[in-house]
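# Analysis of the macromolecular model
Each chain, written out:
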Amino acid sequence: SIIGAQTPEDFISNPIRLPGAFSAAECRTIVTLGEAGKAVIAGLSRPVEGYRTGVTKLIGLTSETEWLYARMGEILVAVNDWYQFDIRGFVDSLLYCTYPEQGQFDWHVDCGEGATSTRKITLSLQLSDGAEYDGGALEFAGQGELPEAKRIGTAVAFPAFVHHRVASVTRGVRRSLVAWA
């Protein structure tokens, strides 16, 4: 079930939370896929040193990942019933993110110029159990942390133009999967 606000307008400033969107076993499978993915440098369109510290890898669409793309796509279509954006599909490959101790991604938006200009919805899937790390909160400007977003298998969807960050991890490793429509 969706956790968040009561009207579509409220979801613009109050991200949609979907606890249990994926099972813990599915999350472990996604971590395995992510660890085998192609390493990329992901961050700001105009890089700033230290703004994002962590490891990012692409999970491409293959016969092995088709189920994952289908599930993420179903979630994006469902949350877009609230947003009513004109979405056409995935903008990029799925991005597997690992934030070790002191890993973080400071305040940013997920759309901008060039390749990111068509992003409308961000979907972040929590792959780590919240007990596996401290810090590393997914935070939103003017709202702070979403505590339930640290539960393994919880998906959080929000407009790509909403300011957010991953706070610094102080213990352990935070893992997530991100998609854009």
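In the block above lies the structure referred to throughout.
Residues numbered from 1 in each chain as written. Predicted model: local features only at pLDDT ≥ 70, side-chain atom pairs only at ≥ 80, totals over all residues. Heavy atoms only, no water.

### Structural notes on the nonpolar core
- Among the nonpolar cores identified, the biggest contains 34 residues, and Phe-22, Leu-68, Met-72 and Leu-177 are the most heavily contacted of them.
- The element best represented in this core is helix α3 (residues 66-83), accounting for seven residues.
- Leaving out residues up to four positions away in the same chain, Phe-22 has contacts with Cys-27, Ile-30, Trp-67, Leu-68, Arg-71, Met-72, Ile-75, Leu-125 and Gly-153.
- Counting nine residues, the second-largest nonpolar core is a separate cluster that includes Tyr-99, Val-166, Val-169 and Trp-180. (Core = buried A, V, L, I, M, F, W, Y, C linked by side-chain atoms within 4.5 Å. Buried < 20%, exposed > 50% of the residue type's maximum accessible area, 1.4 Å probe, protein only. Helix = DSSP H or I, 4+ residues; strand = E, 2+ residues; numbered from the N terminus. Contact = heavy atoms within 4.5 Å.)

### Considering the sheet that holds strand β7 (residues 121-126)
- As summarised here, the arrangement of the seven strands in space is β1-β11-β7-β14-β5-β4-β2, forming an open sheet in which the pairing is antiparallel. The outermost strands of the open sheet, each flanked by one partner alone, are β1 (16-18) and β2 (38-40). Between one strand axis and the next, the sheet turns by 25° as a mean value, whatever way the strands run.
- As paired elements, β1 and strand β11 (residues 155-159) share three bridges and run antiparallel to each other. Paired with Ile-16 across the bridge in β11 is Ala-157.
- Each of β1, β4 (55-59), β5 (94-99), β7, β11 and β14 (174-180) touches α3; the most contacted strand, β7, lies at about 130° to it. (Pairing = 2+ DSSP bridges. Axes fitted to C-alpha atoms, helices over the stretch in contact; angles between N-to-C directions.)

### Concerning the environment of Arg-119
- Within the element layout of this structure, Arg-119 appears in the loop between β6 (104-108) and β7.
- By relative accessible area, Arg-119 is classed as buried at 14%.
- Taking the C-alpha atoms as reference points, Arg-119 and Ala-179, 60 residues apart in sequence, are found 9.6 Å from one another.
- The contact partners of Arg-119, leaving out residues within four places of it in the chain, are Val-91, Asp-92, Asp-110, Cys-111, Ala-160, Trp-180 and Ala-181.
- One polar contact links Arg-119 to Asp-92, side chain to side chain, over a distance of 2.9 Å. (Polar contact = N/O pair within 3.5 Å; in protein donor to acceptor, adjacent residues only side chain to side chain.)

### A closer look at α3
- For α3, built from 18 residues, the straight-helix expectation of 26 Å at 1.5 Å per residue is met to within 8% by its first-to-last C-alpha distance of 25 Å.
- By the burial criterion, the buried members of α3 are Leu-68, Tyr-69, Met-72, Gly-73, Ile-75, Leu-76, Val-79, Asn-80 and Tyr-83. Across the axial projection of α3, the buried residues extend over an arc of 165°, all falling on one side. Of the residues in α3, the exposed ones pointing more than 90 degrees away from the buried face are Glu-66, Glu-74, Val-77 and Asp-81. (Expected span 1.5 Å × (residues − 1). Arc of directions from axis to C-beta.)

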